[in-house]
Amino acid sequence: GMGGANAGEVASHMAVDTIRARLTAAMAHAELPIVDELQEQLLIGIEEAQRQIRTRAQRDAACVGMGTTVVAVVLAADQ
């Protein structure tokens, strides 16, 4: 989460869980993971997490202003 921001730990957990689920699903449906596809799924996962975090912050007074940063890398085989 973002230091000093409301419910930062909630936002960071939401982001990790959402991104992990997206990549896990993508890898489960591919015979050989292609880095370009995984990178695309990573970006989709980040965007999905952002929407979920924003929605939660708008609906839950305890989470107003929450946010997190994301740093990620995609490694597949030798790429």
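Let me sum up the structure you'll find in this document. (Residues numbered from 1 in each chain as written. Predicted model: local features only at pLDDT ≥ 70, side-chain atom pairs only at ≥ 80, totals over all residues. Heavy atoms only, no water.)

With respect to the environment of G67
- Looking at the secondary structure, you find G67 in the segment after α2 (35-59).
- Given the relative accessible area of 8%, G67 is considered buried.
- As for G67 and A57, which are separated by ten residues in sequence, their C-alpha atoms are 8.5 Å apart.
- Look past the residues within four positions of G67 in its chain and what remains in contact with it is G1, M2, N6, G8 and A11. (Helix = DSSP H or I, 4+ residues; strand = E, 2+ residues; numbered from the N terminus. Buried < 20%, exposed > 50% of the residue type's maximum accessible area, 1.4 Å probe, protein only. Contact = heavy atoms within 4.5 Å.)

Notes on the nonpolar core
- The biggest cluster of nonpolar side chains holds nine residues, and these are A7, A11, M14, A15, A49, I53, A57, C63 and M66.
- Sorting the residues of this core by element identifies α1 (8-28) and α2 as the ones contributing at least two each.
- Every residue in contact with I53, bar those within four places of it in the chain, is listed here: A11, M14, A15, M66 and T68.
- Counting seven residues, the second largest nonpolar core, distinct from the first, contains I19, V35, V74 and A76. (Core = buried A, V, L, I, M, F, W, Y, C linked by side-chain atoms within 4.5 Å.)

Description of the pattern of salt bridges
- By the definition in use, this model includes two salt bridges.
- One salt bridge in this structure joins E48 and R22, with 3.0 Å as the shortest N-O distance. With E48 in helix α2 and R22 in helix α1, the pair connects residues that are 26 residues apart, well separated along the chain.
- Overall, E48 belongs to the partly exposed group, its relative accessible area being 22%.
- Among the residues examined, R22 registers a relative accessible area of 28% and is labelled partly exposed.
- Note that R56 is salt-bridged to D60, the shortest N-O span being 3.5 Å. (Salt bridge = Lys/Arg side-chain N within 4 Å of Asp/Glu carboxyl O.)

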